[in-house]
Amino acid sequence: MKKLSIKIKITVWYLLLMGLMAGLIVAFLLAISGSVYSQNAMEQLDQTLRTNLSQVSMSEGSLALGETFQFYQNGVYTLIYSQNEALLAGQVPVAFTAQEPFENGLTRLVHTGSSQYYVLDFWLPVGWEGGLWVRGLLEAPDRAQSMPALLWVAVVTLPLFLLLAAVGGYWIARRAFRPLEDITATADAISQASDLSARVTVPPGSNEFTRLASTFNQMFARLERSFEAETQFTADASHELRTPVSVIKSACEYAEKYGETPEEQRETIAMIHRQADKMSQLIGQLLSITRLDQGTETARREKIDLTDLVRTVCAEGPWPADGLVLEAGGPLLAWADKALITRLLQNLIDNGFKYGKPGGHVWVSLGTGPGEVLLTVRDDGKGIPPAEQEKVWQRFYQVDPARGEKSGAGLGLSMVQKIAQAHGGYMTLESDPAWGSAFTLHLPHREPER
Ligand code: ADP
């Protein structure tokens, strides 16, 4: 049964149910017909006996029977007995051998030998000797014989009925499951052809299959988006890595070909160093984003003094001391991962100077909001146009990519956002080309759940 298709299973269950119902109906009909039959037989016995009864009298000491009196009529034997139960008239059927006592007006079924008889007696008070007993006997056919017609009908029609039920049940199940087959076939075709842009046809209406098809389509859409994002990511990553690699390669080829002066060689080596640094930074950022994404790198949050951490990062960084302003008061406790917050802060301050105006400033400030600690890095640089502000968090997105050797790969802010999320927090950005940009980390105040 386990290997059968759902359609067959439904049909089998349906068939069993139908068979059970048909069996119950037949049994019910047999029971009803049996009782109707015995009811009719008893009425027949009663009527025939009463008709004969009106014809019995005593005249001058002897029994007188009317003209319409019949000893055997409609299967009913009429017998007349004296008060002391001696048979006066009529013939007892041979099969009736029972010594049944007389009982006035009560019809009962008497089993005698292999047959059974309905017996009904009437006491007739006529004549001077007290009266007579008039007995009626009607053979009751045995139950199996009385119902063959119905039984035959049942025997012949039941298999036909079940066959019809099986065919009908299977047809209904097939019809009901057709949308599911369509969905399966389309989903199969999509997976065979690896064509994530294809969609399942949503059946009309609003039933389980409609919802299933819509869910499938949503799933395909999500898969398609993430697949495209992955493809884009791989393409971007290879592109970003290829640029420094080809710069290094051509620098090496040039040096090999034209035996440079020691001065030129130093320049070439310095350039190779810069490109290697760039690659190393890129690979580091990519790894960090991927690990944070996959959860292999998590924020190990501990209770730290954020003011202290920010002060150290600002003091140790390679930024111009007169350009970087720290606006922090006393200790500010927060649940944070020191290494990750350091990386976040370094990126934001780097950007502040990178995209700032010459001789510009970067302000780092700390504060609190309802249920959160705020760390803001603000600059007085060129700002980010409103239309770009949403996009800067995307991997490899750069507002102005053609910025020469100094520009990054567009991964810094994406990593910053991942770090914020790893802390259960988030980043906000306020920016205006008129005054600059302010990036704020919102860090939840509560202790992390263990
Ligand atoms: P990148 O490596 O290019 O700096 P980021 O992810 O750090 O990548 O930043 C993405 C883009 O956002 C940058 O290319 C830049 O155009 C813009 N951006 C980031 N920080 C600032 C800032 N402080 N002021 C102006 N623009 C910024």
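What counts, and where the lines are drawn
In every chain, residue numbers begin from 1 and rise along the written sequence. Only residues with pLDDT of at least 70 are given local features in this predicted model, and only at 80 or more are side-chain atom pairs given and counted; all residues enter the totals for whole chains, interfaces and linings. Hydrogens and waters are ignored; side-chain quantities use all the structure's heavy atoms. The numbering of helices and of strands both runs from the N terminus, where a helix is a DSSP run of H or I of at least 4 residues and a strand a run of E of at least 2. Exposure categories follow from relative accessible area, calculated using a 1.4 Å probe and restricted to protein chains: below 20% of the type maximum is buried, above 50% is exposed, and the middle band is partly exposed. Pairs of residues are marked as contacts when any of their non-hydrogen atoms sit within 4.5 Å. Salt bridges are defined by distance alone: a side-chain nitrogen of Lys or Arg within 4 Å of a carboxyl oxygen of Asp or Glu. Residues enter a patch when their relative accessible area is above 30% and they make no salt bridge; the linking distance is 9 Å between like charges and 5 Å between nonpolar side chains (Val, Leu, Ile, Met, Phe, Trp, Tyr). Exposure was quantified through the Shrake-Rupley algorithm and a 1.4 Å probe, taking into account, for residues, occlusion by the shown protein chains and nothing else. Pairing between strands is defined by DSSP: at least two bridges between the two strands are required. The axes used here are C-alpha line fits, helices contributing only the stretch in contact, and every angle between their N-to-C directions lies in the interval 0 to 180 degrees. Planes of paired rings set the category: under 30 degrees apart is stacked, over 60 is edge-to-face and the rest tilted, where pairs are Phe, Tyr or Trp rings (Trp by its six-membered ring) whose centres lie within 6.5 Å.

The next thing to look at is the overall build of the chain. Within the chain, the regular secondary structure consists of nine helices and 15 strands. Principal-axis analysis of the C-alpha atoms gives the chain an extent of 165 × 60 × 35 Å. Buried residues in the chain amount to 36% of all 450 residues. Pairs at least 24 apart in sequence give 60% of the contacts found in the chain among residues at least 6 apart.

A separate point is the pattern of salt bridges. The final tally for this structure, using the stated rule, is ten salt bridges. A salt bridge links aspartate 121 to arginine 108; the shortest N-O distance between them is 2.7 Å. One end of the pair, aspartate 121, is in strand E7 (residues 115–124); the other, arginine 108, is in strand E6 (residues 108–112), and 13 residues separate them in sequence. Its relative accessible area of 0% is what places aspartate 121 among the buried residues. Residue class for arginine 108 comes out buried when judged on its relative accessible area of 12%. Ionic pairing is found between arginine 199 and glutamate 224, a salt bridge with its closest N-O pair at 2.8 Å. Of this pair, arginine 199 sits in the loop between helix H3 (148–193) and helix H4 (208–257) while glutamate 224 sits in helix H4, and the two are 25 residues apart along the sequence. With relative accessibility at 31%, the residue arginine 199 sits in the partly exposed group. Where salt bridges share partners, they join Glu100, Arg108, Asp121 and Arg135 into one cluster.

Taken together, Trp152, Val155, Val156, Leu160, Leu163 and Val167 make up a surface patch of nonpolar side chains, about 650 Å² in accessible area. Within the secondary structure layout, leucine 163 lies in helix H3. For leucine 163, a relative accessible area of 54% puts it in the exposed group.

Another point: the environment of leucine 87. Note that leucine 87 resides in strand E5 (residues 87–89). You can call leucine 87 partly exposed: its relative accessible area is 41%. Here the alpha-carbon distance between leucine 87 and arginine 274, two residues 187 residues apart in the chain, equals 138 Å. Ignoring sequence-local partners within four residues, the contact set of leucine 87 consists of Leu79, Ile80, Tyr81 and Val92.

Moving on to the sheet that holds strand E14 (residues 426–432). Across the sheet, five strands lie side by side as E10-E12-E13-E15-E14; this open sheet has mixed pairing. Only two strands of the sheet have a single partner each, and these edge strands are strand E10 (324–327) and E14. The mean inter-strand angle of the sheet, taken between neighbouring strand axes irrespective of direction, is 20°. With respect to the sheet, helix H6 (residues 306–316) is in contact with E10, strand E12 (362–369) and strand E13 (372–379), its orientation differing from that of E12 by roughly 170°. Where helix H7 (residues 338–354) meets the sheet, its contacts fall on E10, E12, E13, E14 and strand E15 (436–444), and the angle it forms with E13 comes to roughly 25°.

Below, the discussion takes up the packing of aromatic side chains. In this description, an aromatic ring pair is defined by two values, namely the gap between the centres and the angle between the planes. Counted according to the given criterion, the structure contains eleven aromatic pairs. Ring geometry for phenylalanine 177 versus phenylalanine 209: centroids 6.3 Å apart, planes at 65°, classification edge-to-face. Within this pair, whereas phenylalanine 177 is found in helix H3, its partner phenylalanine 209 is found in helix H4, the two being separated by 32 residues in sequence. For the pair shown, phenylalanine 177 and phenylalanine 209 are each scored as buried. Judged by centre distance (5.9 Å) and plane angle (80°), the rings of tryptophan 393 and phenylalanine 439 are edge-to-face. Here tryptophan 393, found in the loop between helix H8 (386–389) and helix H9 (412–422), pairs with phenylalanine 439, found in strand E15; they are 46 residues apart in sequence, far enough to count as distant. Judged by its relative accessible area of 11%, tryptophan 393 is buried. One aromatic cluster is present, formed by Tyr81, Phe102, Trp123 and Trp133 through successive ring pairs.

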